[in-house]
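Results of the structural survey
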Amino acid sequence: MIEYRNVRVALLGAGSVGSQVARLLLEQSDELAGRAGAGLELTGIAVRDLDAERDVDLPRDLFTTDAESLILGADIVVELIGGIEPARSYVLQALGSGADVVTGNKALLASHGPELFAAAEQVGAQVFYEAAVAGAIPIIRPLRESLAGDRIKRIMGIVNGTTNFILDRMDSLGESLEDALAQATALGYAEADPTADIEGYDAAQKATILASLAFHTTVPLMSVHREGITGVTHEQVVAARKAGYVVKLLAICESLVDDDGAPGVSARVHPALVPLGHPLAAVHGAKNAVFVEAEAAGDLMFYGAGAGGVETASAVLGDLVSAARRHVIGGPGLAESNHANLHVLPMGNVVTSYQITLDVADQPGVLATVASLLAQHEVSVETVEQTSGVISSDGGVATATLIIGTHRARESDLAATVAALTNATVVNSVTSVLRVEGA
Ligand SMILES: NC(=O)C1=CN([C@@H]2O[C@H](COP(=O)(O)OP(=O)(O)OC[C@H]3O[C@@H](n4cnc5c(N)ncnc54)[C@H](O)[C@@H]3O)[C@@H](O)[C@H]2O)C=CC1
Ligand SMILES: N[C@@H](CC=O)C(=O)O
Ligand code: NA
């Protein structure tokens, strides 16, 4: 029997993820010790309410409401309470005392990452955060270690399970956004305030983390363009499928060039049309997937459970084993790489293709007017489809629907085109503008 030295682990939070981490730590302690080369001694679990009902039966003598004292004696602190405060203060306290930190808190990392990483570097500690992006799916470690020798060109991810679940139900069952969200909440996928999911905040936090890692550049959360799914209509979802696409909420992080041709990066979150043949189109329900385009490795896809207590606990435990190994070996932790320090570019610099749906007057010359407006703004038409005209009930001018697919264009040119179309007398309304990704 091998005698291992013990590494002291303090757990903060015993919610969906924390309680599963505690259970697995206790149930699989021998196996985990073998892998880490150190015993993982759970010294306590900080909770808010000692008597709260929990899904998992855990030894009550481990519970404490005194998180600060628990952190004091720890080699590794696992933060699974979520939110900014007091999580930020606890993490800083842990790092200040030289402990490593394992966290799944994307909100904290996206808004205070540089502060936490600097605090870790100062004492040679490390922040591990595999659970923060795409739950159980290994994506943080592949980006920072396995792909450290490659150049990432683009990351396109379905990184929010709740919105993927909702869009999938709207597509396959014709369910409303509200009904599908209620289901996602009942199944435990949604954040405590689901606005974070449906308005794209959660995905934007994950995009910040992914872009910073992939491009060795600190990408601030406020530079991430964010649109949620509340504007996605049933009509758009149906029309998308008819046209050979599926609507997905994507987080896209890519390298771009600025107006002077200098390299930069951009990160954005928005609903997009994904061709049915693209691997991301086959990601259903609350599953996540991250599609990485690397210069040498080519295309890679990481797929699996992006949410769920026990699934996310797998990522936390993986980090815990790495942190424990580090304690056995000694030496400073792996610092965040931001040496590239690229310019973070605004949405106007993004280049992609679009599908624009217009309600127009069904009269001669409309198509020519619309095409000329697009051309004036440097947006080139790839496809046009016109549905049969409809005579308005008051006997007025007949209307028709025009669906225009564009070639790749700059976002700033597209925005100017849409403004011009909105003001054109032959256009009754611009009913939908969706970006097309992965075509
Ligand atoms: N649930 C999931 O599927 C995923 C969660 N995450 C992240 O993991 C973290 C934890 O998530 P969940 O377990 O789902 O949240 P949860 O809401 O189920 O659990 C958080 C727990 O922390 C407790 N807590 C709050 N403030 C506290 C304090 N000051 N001291 C002690 N305990 C406190 C709460 O009472 C609750 O039991 C969050 O940062 C979340 O974003 C990441 C990936 C997936
Ligand atoms: N609410 C999130 C949970 C995991 O990060 C999601 O739906 O993906
Ligand atoms: Na992950």
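Please read these numbers as outputs of a predicted model, since none were measured by experiment.

1. Here's the deal with the site of ligand 2
As a structural note, the neighbourhood of ligand 2 is formed by 13 residues, with Lys106, Gly161, Thr162, Tyr189 and Glu191 the closest of them. Here glycine 161 contributes a backbone N or O atom positioned 2.7 Å from an oxygen atom of ligand 2. Against a free-state accessible area of 260 Å², the protein chains account for coverage of 91% of ligand 2. Of all the elements in the fold, those that place two or more residues in the shell around ligand 2 are α7 (161–172) and α10 (201–215). Across the shell around ligand 2, the residue classes break down as four nonpolar, four polar and five charged.

2. What about the domain arrangement of the protein chain?
Annotation of the protein chain at the domain level lists domain 1 (7–136 + 310–329), domain 2 (140–305) and domain 3 (350–436). Its C-alpha centre places domain 1 at a distance of 27 Å from the equivalent point of domain 2. Contact residues are listed per partner, giving 18 residues for domain 1 and 18 residues for domain 2. For the pair domain 1 and domain 2, the summed buried surface comes to about 1,400 Å²; carbon and sulfur atoms form 61% of the total. Seen at the junction of domain 1 and domain 2, the total is three salt bridges. One salt bridge connects lysine 106 with glutamate 191, and the closest N-O pair in it is separated by 3.3 Å.

3. Regarding the confidence of the model for the protein chain
When pLDDT is averaged across the protein chain, the result is 95; 97% of the residues are at 70 or more. Model confidence for the complex is summarised by a pTM of 0.96, with the ipTM given as 0.99.

4. Quick word on the side chain of asparagine 288
Following the sequence through the fold, asparagine 288 ends up in strand β11 (residues 287–294). Judged by relative accessible area, asparagine 288 falls into the buried class, the value being 0%. Leaving out residues up to four positions away in the same chain, asparagine 288 has contacts with Ala134, Ile137, Ile158, Val159, Asn160, Gly161, Val283, Phe302, Tyr303, Gly304 and Gly306.

5. Looking at the nonpolar core
Judged by nonpolar contacts, the single largest core of 71 residues is most densely connected at Leu95, Tyr129, Ile139, Ile152 and Ile155. Take this core: its biggest share by element is nine residues, from α10. When residues of this core are assigned to domains, at least three map to each of domain 1 (7–136 + 310–329) and domain 2 (140–305). Apart from the residues lying within four places of it in its own chain, the contact partners of isoleucine 152 are Leu143, Leu147, Ala214, Phe215, Val292, Glu293 and Ala294. Membership of the second largest hydrophobic core comes to 34 residues, among which are Val21, Ala22, Leu40 and Val321.

6. Observations concerning the pattern of salt bridges
In this structure the tally under the stated criterion is 23 salt bridges. Lysine 106 is the partner of aspartate 202 in a salt bridge, and the nearest nitrogen-oxygen pair spans 3.3 Å. With aspartate 202 in helix α10 and lysine 106 in helix α5 (residues 106–123), the pair connects residues that are 96 residues apart, well separated along the chain. Using a relative accessible area of 2% as the deciding quantity, one classes aspartate 202 as buried. Look at lysine 106 and you get buried, because its relative accessible area is 16%. Close ionic contact of lysine 206 with aspartate 202 constitutes a salt bridge, the shortest N to O distance being 2.6 Å. Remark: aspartate 202 and lysine 206 occur in helix α10; sequence separation between them is four residues, near one turn of the helix. Looking at lysine 206, the relative accessible area reads 5%, which means it is buried.

7. Structural notes on the site of ligand 1
Taken together, 18 residues sit near ligand 1, with Ser16, Val17, Arg48, Lys106 and Gly308 positioned nearest. Here an oxygen atom of ligand 1 sits 2.9 Å away from a polar atom, N or O, in the main chain of serine 16. With respect to ligand 1, the side chain of lysine 106 contributes an N or O atom lying 3.1 Å from an oxygen atom. Protein contacts shield 78% of the accessible area of ligand 1, which totals 830 Å² for the unbound molecule. Residue classes in the shell around ligand 1 are distributed as eight nonpolar, eight polar and two charged.

8. Details of the coordination of the sodium ion (ligand 3)
Protein ligation of the sodium ion (ligand 3) involves Glu130 (O), Glu130 (OE), Val133 (O), Gly135 (O) and Ile137 (O), the donor distances falling in the range 2.4 to 2.7 Å. As a motif over one chain, the donors of the sodium ion (ligand 3) read E-x2-V-x1-G-x1-I. Neither glutamate 130 nor isoleucine 137 differs from the other in exposure class; each is buried.

9. As for the layout of surface pockets
Estimates place the volume of the second largest pocket at around 770 Å³. Lining the second largest pocket are 34 residues, with Ala239, Ala243, Tyr245, Gln355 and Ile403 sitting closest to its centre. Those elements that place two or more of their residues in the lining of the second largest pocket are α11 (234–242), β14 (351–361), β15 (381–386), β16 (399–406) and β18 (427–436). Ranked by residues supplied to the lining of the second largest pocket, first place goes to β14 with seven residues. Structurally, the lining of the second largest pocket is a two-domain feature, drawing no fewer than three residues from each of domain 2 (140–305) and domain 3 (350–436).

10. Topic: the packing of helix α4 (residues 87–96) against α5
One can describe the packing of α4 onto α5 by two numbers: an axis separation of 9 Å at closest approach and a directional angle of 15 degrees. Between α4 and α5, the crossing angle belongs to the class labelled roughly parallel. Crossing of α4 against α5: the hand is right-handed. Touching Ala87, Arg88, Val91, Leu92, Leu95 and Gly96 of α4 are Leu108, His112, Glu115, Leu116, Ala119, Ala120 and Val123, all from α5.

Rules and cut-offs
Residues numbered from 1 in each chain as written. Chains lettered and ligands numbered in written order. Predicted model: local features only at pLDDT ≥ 70, side-chain atom pairs only at ≥ 80, totals over all residues. Heavy atoms only, no water. Near = heavy atom within 4 Å. Polar contact = N/O pair within 3.5 Å; in protein donor to acceptor, adjacent residues only side chain to side chain. Areas by Shrake-Rupley, 256 points an atom, 1.4 Å probe, with all protein chains shown as cover. Helix = DSSP H or I, 4+ residues; strand = E, 2+ residues; numbered from the N terminus. Nonpolar A, V, L, I, M, F, W, Y, C, P; charged D, E, K, R; others polar. Domains from an automatic or database assignment. Contact = heavy atoms within 4.5 Å. Buried area = accessible area lost by both parts, 1.4 Å probe. Salt bridge = Lys/Arg side-chain N within 4 Å of Asp/Glu carboxyl O. pLDDT = per-residue confidence, 0-100. Buried < 20%, exposed > 50% of the residue type's maximum accessible area, 1.4 Å probe, protein only. Core = buried A, V, L, I, M, F, W, Y, C linked by side-chain atoms within 4.5 Å. Donors = N, O, S within 2.8 Å, 3.2 Å for Na, K, Ca; no water. 1 Å grid on protein atoms, 1.4 Å probe; cavity = no way out; pocket = protein on both sides within 12 Å on 5 of 7 lines; lining within 4 Å. Points joined across faces, edges and corners; volume = space filled by probe spheres on them. Axes fitted to C-alpha atoms, helices over the stretch in contact; angles between N-to-C directions. Parallel < 35°, antiparallel > 145°, perpendicular 65-115°, else oblique. Left-handed = near helix turned anticlockwise from the far one by under 90°.

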